[in-house]
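# Fold and contact review
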Amino acid sequence: MTQLRRRAVSPRVQWQLEQQGLHPLLARIYAARGIVARSELDYEFQSLLPPARLTHAAEAAVLLADAIAEQRRIVIVADYDCDGATACALGIRALRSFGAAVDYLVPNRFTSGYGLSPDVVELAAQKRPELIVTVDNGIASVEGVARARQLGIATLITDHHLPGDELPAADCIVNPNLPGCDFPSKCLAGVGVMFYVMLALRAELRVRNWFAGSGRGEPRLATLLDLVALGTVADVVRLDHNNRVLVSQGLRRIRQGQLNPGMQALFRAAGRNPAQASSFDLGFTIGPRLNAAGRLTDMSLGIECLLADDEGRAMNLAQQLDALNRERREIESGMQEQAQCQLANLALDGDNAAAVSLFDADWHQGVIGIVAARIKERLHRPVFAFARSEGGEIKGSGRSIPGLHLRDALDLLSRRAPGMLLRFGGHAMAAGVTLCESDFPRFRELFAQVADELLAPADRTRTLETDGGLEAAYCSIATARMLEAEVWGQGFPAPVFQDEFIVESQRILKDKHLKLRLRKDAQVVDAIQFHFPEAPGNRIRAAYRLAINDFNGVQTPQLLIEHIETRSP
């Protein structure tokens, strides 16, 4: 069950925003998101929080500057998702421009697991580093850092994940979520943390007159903002003001054609125009193509694409990533069908199950997170999907709903069933867990019990917040482009409108999408609902996003339906 709820808007704040020069529709939308002054929409680079405020960024800069000055070998250890890939590419590009001797290593999802484990340190040691720098991981790598110390390798942890009870004994840790860190933006992605460390490093090198003495000139770190924007949006971190500055600056450079060859190639492979780039493109078009490498093979392919300076090589790598993404979609489609069969056999529906856990021995480890997310969206329940690993173990990827902090739920479960969870970690909305295959039935039962205790009754009803109706004059290509040009994302959602319509016609596309022609008063507009559950009646109430349909070179406004309710005649 889904209920629509219009976001509250203060007429006074909306009027004030209009008086400050905002478009009336934008004023209404922003007022509903807590914006009270146009200055909060100032996304110029100068409004970015200064690097000096990020705890230990200055110490990290000294550690790196010393390594560069003494030509110590640096190895970056990355995560295998889009955030980790962009953070790694950013670090490599920035450090090399500063004159560092730097290489990278990205663990294989299927053999090495996540983070700076002792095994990953052994792999990194083959590159003979004197300093290991983690990006988008490491805050929980107590044993890995200890092993690096045994080998005489210094460690710098840059991460944004929530720390556990014990911190690794690294030479330096930069994480806005460290206890005692008063950096106002706790929502930096891994690539954002690395960007801040590079800003601090450049400041340290300036103090040392490094650029004057090296003759190489001072690098412009703004050239890396396309990577920052991509990793930030793709990692679905909350877009507070500081993150919106980073994303806005990155999108601005992309639209102006100031993007690195790898990003340019990814846009071309996806059939998207960088000049009209939006947050949606980064999160749902470019990001998945990079993530496909980490899900199916090795994220080194994605990192190499982002590091490529030759346009031909970048295009070749982008086409490989595009092919992997198509393969990922095919695998996902089959897994989704199998998941639906399991749900039917378990007699589960969205109303009587507090949480859902699914397992199939043939599922692909790299795709279970997407399966969990899709089922979570359909049922509006926390979901874990498991795939078989090695040595009798299975690995699960979970997605949650508001009201259940997934990592906290796993922590509670681990206390109730000591030893059952071999490894676990994550965030409020996403987490991973490893357990013995024989323990899956027990996990499924206990996880459902924990969710049942922690979820309030109101949490179990999906609430779709909307921005009210869309005036007929605003149902246009110009309005759609205006909305696409703004920065939207997690915690600062793109506008969703709701209205009642007469259904003039409807047809099914590719056996799974619903194409509609809708009338509201005298206005007629096309609409589409992807993966629709059932055909509606002749009169509907719909929640939708305004978009542009480009068909055979002809552009028209189109409504992307999020939810449909059949209304009485």
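Our structure's up above, just so we're on the same page.
Below you will find a few notes about this structure. All values derive from a computational prediction rather than experimental measurement.

### Points about the nonpolar core
Core analysis: the largest hydrophobic core is formed by 163 residues, its most contacted members being L64, I76, M198, L201, L518 and L559. Of all the elements, helix 7 (residues 190-207) adds the most residues to this core, at 11 residues. For I76, the residues in contact, after removing those within four places along its chain, are C88, G91, I92, L95, V102, D103, Y104, L105, V133, V135 and M194. Grouped together as the second largest cluster of nonpolar side chains are 25 residues, F359, I394, L446 and L455 included.

### Side note on the pattern of salt bridges
Taken as a whole and assessed by the stated rule, the structure comprises 33 salt bridges. Here E70 ties to R72 by a salt bridge, and the two come within 2.5 Å at their closest N and O atoms. Taking relative accessible area as the criterion, R72 reaches 25% and is therefore assigned partly exposed. Between E504 and R519 there is a salt bridge; the shortest N-O distance is 2.9 Å. Within this pair, whereas E504 is found in strand 13 (residues 497-509), its partner R519 is found in strand 14 (residues 513-520), the two being separated by 15 residues in sequence. Residue classification places R519 among the partly exposed residues on the basis of a relative accessible area of 32%.

### A look at the packing of helix 3 (residues 57-69) against helix 7
When two helices pack together, their arrangement is captured by the angle between the axes and the distance separating the axes. As a packed pair, helix 3 and helix 7 sit with axes 8 Å apart at the nearest point and diverge in direction by 60 degrees. One finds that helix 3 runs oblique with respect to helix 7. Once helix 3 is placed against helix 7, the crossing between them reads as right-handed. Facing helix 3, whose interface residues are A57, A60, A61, V62, L64, A65 and I68, helix 7 presents V197, M198, A200, L201, E204 and L205. Here the contact of helix 3 with helix 7 is built from residues that sort into 12 nonpolar, no polar and one charged.

### Considering the sheet that holds strand 9 (residues 393-399)
The mixed open sheet is built from five strands, whose spatial order is 7-8-9-11-10. Each end of this open sheet is capped by a strand with a single partner; those strands are strand 7 (356-360) and strand 10 (421-426). Ignoring strand direction, the axes of neighbouring strands in this sheet form an average angle of 15 degrees. Sheet topology note: the strand 10/strand 11 (residues 430-436) ladder contains five bridges and is antiparallel. The partner of G426 across the bridge, within strand 11, is A431.

### Some remarks on the packing of helix 16 (residues 406-416) against helix 17 (residues 440-454)
It is the contact of helix 16 with helix 17, at a shortest axis distance of 10 Å, that shows an interaxial angle of 120 degrees. Between helix 16 and helix 17, the angle is such that the two are oblique. The crossing of helix 16 and helix 17 is right-handed. Contacts between helix 16 and helix 17 involve L406, A409, L410, L412, L413 and R416 from the former and F443, L446, F447, V450, E453 and L454 from the latter.

### Thoughts on the environment of R381
Here R381 is to be found in the loop between helix 15 (368-379) and strand 8 (383-388). C-alpha of R381 to C-alpha of L251: the two residues are 130 residues apart in sequence and 34 Å apart in space. At 2.8 Å, the side chain of R381 forms a polar contact with the backbone oxygen of R460.

Calculation notes
- Residues numbered from 1 in each chain as written.
- Predicted model: local features only at pLDDT ≥ 70, side-chain atom pairs only at ≥ 80, totals over all residues.
- Heavy atoms only, no water.
- Core = buried A, V, L, I, M, F, W, Y, C linked by side-chain atoms within 4.5 Å.
- Buried < 20%, exposed > 50% of the residue type's maximum accessible area, 1.4 Å probe, protein only.
- Helix = DSSP H or I, 4+ residues; strand = E, 2+ residues; numbered from the N terminus.
- Contact = heavy atoms within 4.5 Å.
- Salt bridge = Lys/Arg side-chain N within 4 Å of Asp/Glu carboxyl O.
- Axes fitted to C-alpha atoms, helices over the stretch in contact; angles between N-to-C directions.
- Parallel < 35°, antiparallel > 145°, perpendicular 65-115°, else oblique.
- Left-handed = near helix turned anticlockwise from the far one by under 90°.
- Nonpolar A, V, L, I, M, F, W, Y, C, P; charged D, E, K, R; others polar.
- Pairing = 2+ DSSP bridges.
- Polar contact = N/O pair within 3.5 Å; in protein donor to acceptor, adjacent residues only side chain to side chain.

The analysis is restricted to geometry; functional conclusions fall outside its scope.
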